[in-house]
Amino acid sequence: MDFDLTEHQRRLCDELSAALAEGSTEPPRGGTGPYDRARWSAAAGLGLTGLCLPREHGGGGLDALDTSLCLEAFGEGCTDTGLVFAVGAHLLACGVPIRDFGSEKTRAELLPGLVSGELIAANAMTEDGAGSDLGTLSVTAERDGDHYVLRGEKSFASNAPAADVFVTYAVTDPEAGYLGISAFAVPRELPGVQVSDPFDKMGLAGCPAGRVRFDGVAVPARLLLGHEGQGSAVFTHSMTWERSCLFGGYLGMMNRQLRRCVEHASRRRQFGRAIGSNQAVSHRIAGMKQRLEGARLLLYRAAWLLSRGRADNTAIALAKTAVSDAAIANSLDAIQLFGGSGYLRETGVETDLRDAIPSAIFSGTTEIQRELVARDLGL
């Protein structure tokens with residue numbers, strides 16, 4: 001059992017960290033801010049929008065573990081976790097299913113733009129009555145010659161207000177249940193695609209989200225991903241990659257957060273000494289470190305298994321839950337360590353908590369992850 005990164009992996013992360021230090025992905029004046037196409041392009045210029053996409057289309061061709069490591073470096077080097085999440089969702093929930101289920105023509109049409117950052121992708125699955133329960137989708141797709149006509153509305157799609165293409169899921173056979181769902185790559189330019197204004201969200205400010213409505217949208221049949229009725233498998237595959245890799249960004253956030261807490265505890269003085277010399281403070285920071293390292297080991301293992309073609313649902317669910325729990329708990333601890341200043345937006349400490357909360361909701365809630373583990377245990 002070898003826990004060392006390879007020379008290639010270390011070099012990959014070091015080069016990315018050095019490039020991020022130049023600040024091209026940072027919002028103006030630090031902290032977080034609304035979506036900015038220039039910062040998206042900067043992330044694309046660092047190769048982040050195409051990490052695991054094929055080299056023949058301009059991507060990095062990385063496996064799951066290397067992708068997770070790069071997103072961890074991104075999360076540590078960029079203070080806008082929303083932008084990190086936006087790039088991860090674009091890459092993993094959209095780029096991966098196009099890579100693995102799109103036709104050769106579809107891949108050639110869409111992947112170069114996704115890699116270069118010219119195109120931004122959004123994953124449109126969630127509906128008002130269907131989130132964790134995929135069997136209750138209401139958006140329909142009816143075959144009409146060489147097109148599918150999509151009708152219905154998705155209630156929450158990250159990247160939607162800025163997206164150029166939507167990976168979405170619709171019912172093509174109402175009688176077939178899970179086997180009646182199909183996946184599509186839908187260009188925004190098609191008549192009938194309607195996107196709402198960005199939601200006013202709690203966190204992840206750098207990732208706009210909104211509703212997407214398909215009002216009789218005629219999608220060319222060539223943009224079907226996989227076969228008709230294969231949508232559930234396509235979605236499950238994309239979530240396997242997203243849960244194994246995107247959460248590397250949260251490891252990076254916690255790395256940055258922990259470093260800042262140690263610096264603050266060493267510098268801040270009360271009653272004539274650094275607050276870090278108080279056991280109540282030092283033990284809190286030690287607990288933050290423990291959560292981070294435990295979550296990191298679980299995520300690395302899940303990504304390592306996926307990289308070797310041995311995707312393990314339990315390993316992935318445990319990793320996703322551990323990272324989410326650690327990100328929220330560590331962010332609460334960070335605010336407590338900083339005291340009154342941690343409560344102020346100007347310091348940016350509370351931003352991590354607002355960005356951590358949704359990690360327990362998207363990509364399958366923490367409750368769903370624990371249900372997956374329980375089922376694998378035979379319960």
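Remember, predicted model here, so these are calculated numbers, not experimental data. (Residues numbered from 1 in each chain as written. Predicted model: local features only at pLDDT ≥ 70, side-chain atom pairs only at ≥ 80, totals over all residues. Heavy atoms only, no water.)

A. Inspection of the packing of aromatic side chains at higher detail. Under the criterion given, the structure shown has seven aromatic pairs. Cluster of aromatic residues (ring-pair linked, three or more members): Phe 85, Phe 247, Tyr 250 and Phe 362. A cation sits over an aromatic face here: Arg 99 above Trp 241, 4.5 Å from the ring centre. If you follow Lys 320 out to its NZ or CZ, it ends over the ring of Phe 362, 5.9 Å from the centre. (Phe/Tyr/Trp six-rings, centres within 6.5 Å; stacked < 30°, edge-to-face > 60°. Lys NZ or Arg CZ within 6 Å of the ring centre and 35° of its normal.)

B. Representation of the environment of Leu 46. Mapping Leu 46 onto the fold places it in the loop between helix H2 (37-45) and helix H3 (64-77). The contacts of Leu 46, once residues within four sequence positions are left out, are Leu 16, Ala 19, Leu 20 and Thr 25. (Helix = DSSP H or I, 4+ residues; strand = E, 2+ residues; numbered from the N terminus. Contact = heavy atoms within 4.5 Å.)

C. Region of the structure containing the pattern of salt bridges. Evaluated as defined, the whole model comprises 18 salt bridges. Across the salt bridge formed by Arg 284 and Asp 333, the nearest N and O atoms sit 2.7 Å from each other. You can see Arg 284 sitting in helix H8 (residues 279-307) and its partner Asp 333 sitting in helix H9 (residues 313-338), a full 49 residues away along the chain. For Asp 333, a relative accessible area of 10% translates into the label buried. Salt bridges sharing partners connect three or more residues here, namely Glu 72, Lys 289, Glu 293 and Arg 296. (Salt bridge = Lys/Arg side-chain N within 4 Å of Asp/Glu carboxyl O. Buried < 20%, exposed > 50% of the residue type's maximum accessible area, 1.4 Å probe, protein only.)

D. Broad picture of unusual backbone geometry. The phi angle at Asn 159 is positive, at roughly 80°, despite the residue not being glycine. Its location among the elements puts Asn 159 in the loop between strand S3 (147-158) and strand S4 (165-171). On the basis of relative accessibility, which here comes to 2%, the residue Asn 159 falls in the buried class. Phi is positive for Phe 271, close to 55°, though the residue is something other than glycine. If you trace the backbone, Phe 271 turns up in the loop between strand S9 (269-270) and strand S10 (273-274).

E. Inspection of the pairing of strand S5 (residues 181-187) at higher detail. For S5, the buried fraction is high: seven of the seven residues fall into the buried class. Side chains of S5 alternate between two faces, with Ile 181, Ala 183, Ala 185 and Pro 187 and Ser 182, Phe 184 and Val 186 buried alike. One ladder, built from two bridges, connects S5 with strand S8 (residues 224-225); its direction is antiparallel. The residue of S8 that forms the bridge with Ala 183 is Leu 225. (Pairing = 2+ DSSP bridges.)

F. Examining the nonpolar core more closely. One finds Phe 74, Leu 92 and Tyr 169 to be the most contacted residues of the largest nonpolar core, which totals 94 residues. With 13 residues, helix H4 (residues 81-101) is the single largest residue contributor to this core. Residue contacts for Leu 92: discarding those within four places in its chain leaves Cys 52, Thr 67, Leu 71, Pro 97, Ser 238, Trp 241, Glu 242, Cys 245 and Leu 246. Ranked by size, the runner-up nonpolar core spans 22 residues in total, among them Ala 122, Ala 124, Ala 163 and Val 217. (Core = buried A, V, L, I, M, F, W, Y, C linked by side-chain atoms within 4.5 Å.)

G. Highlighting the environment of Phe 184. Looking at the element boundaries, Phe 184 is found in strand S5. Through-space distance from the C-alpha of Phe 184 to that of Gly 75 is 30 Å; in sequence the pair is 109 residues apart. Sequence-distant contacts of Phe 184, that is, excluding residues within four places in its chain, are made with Ala 141, Tyr 148, Leu 150, Phe 166, Val 167, Thr 168, Ala 170, Thr 172, Val 219, Leu 223, Leu 224 and Leu 225.

H. View of the side chain of Ser 238. Among the structural elements, Ser 238 can be located in helix H6 (residues 231-245). Residue contacts for Ser 238: discarding those within four places in its chain leaves Leu 92, Ala 93, Pro 97 and Tyr 169.

I. Summary view of a nonpolar patch on the surface. A grouping of Met 1, Phe 3 and Leu 297 is seen on the molecular surface, where their side chains present a nonpolar patch of about 440 Å² in accessible area. With respect to the element layout, Leu 297 can be found in helix H8. Exposure remark for Leu 297: the relative accessible area of 47% places this residue in the partly exposed category. (Patch = residues over 30% accessible without salt bridge, like charges linked within 9 Å, V, L, I, M, F, W, Y side chains within 5 Å. Areas by Shrake-Rupley, 256 points an atom, 1.4 Å probe, with all protein chains shown as cover.)

J. Molecular detail of the side chain of Arg 243. One can find Arg 243 in helix H6. No salt bridge is formed by the buried Arg 243. Its closest oppositely charged neighbour is Glu 242, at 6.5 Å. Polar contacts involving the side chain of Arg 243 include one to the main-chain carbonyl oxygen of Ser 363, which spans 2.5 Å. Leaving out residues up to four positions away in the same chain, Arg 243 has contacts with Leu 299, Ile 316, Lys 320, Ser 363, Gly 364, Gln 369 and Leu 372. (Lys, Arg positive; Asp, Glu negative; His and termini not counted. Polar contact = N/O pair within 3.5 Å; in protein donor to acceptor, adjacent residues only side chain to side chain.)

K. Looking closely at the packing of H9 against helix H10 (residues 349-356). Running from amino to carboxyl end, H9 crosses H10 at an angle of 160°, the nearest separation of the two axes being 9 Å. One finds that H9 runs roughly antiparallel with respect to H10. Judged by the sense of rotation from one axis to the other, the crossing of H9 with H10 is left-handed. Mapping the contact onto sequence places Ala 327, Ile 328, Ser 331, Leu 332, Ala 334, Ile 335 and Phe 338 in H9 and Val 349, Glu 350, Asp 352, Leu 353 and Ala 356 in H10. Counted by class, the contact of H9 with H10 contains nine nonpolar, one polar and two charged residues. (Axes fitted to C-alpha atoms, helices over the stretch in contact; angles between N-to-C directions. Parallel < 35°, antiparallel > 145°, perpendicular 65-115°, else oblique. Left-handed = near helix turned anticlockwise from the far one by under 90°. Nonpolar A, V, L, I, M, F, W, Y, C, P; charged D, E, K, R; others polar.)

L. Up close: the state of the cysteines. Per the counting criterion, the structure on display carries zero disulfides. Of all cysteine sulfurs in the structure, the one in Cys 207 sits closest to Cys 78, which takes part in no disulfide; the separation is 12 Å. The closest cysteine sulfur to the non-disulfide-bonded Cys 261 is located on Cys 78, 18 Å from its own sulfur. (Disulfide = S-S within 2.5 Å.)

M. The arrangement of the packing of H3 against H8 in detail. Where H3 contacts H8, the axes come no closer than 7 Å and their chain directions differ by 145°. Only Arg 296, Leu 299, Tyr 300, Ala 303, Trp 304, Leu 306 and Ser 307 of H8 make contact with H3, whose side of the interface consists of Ala 64, Leu 65, Ser 68, Leu 69 and Glu 72. The residue makeup of the contact of H3 with H8, split by class, is eight nonpolar, two polar and two charged.

Coordinates in, geometry out; function isn't part of it.
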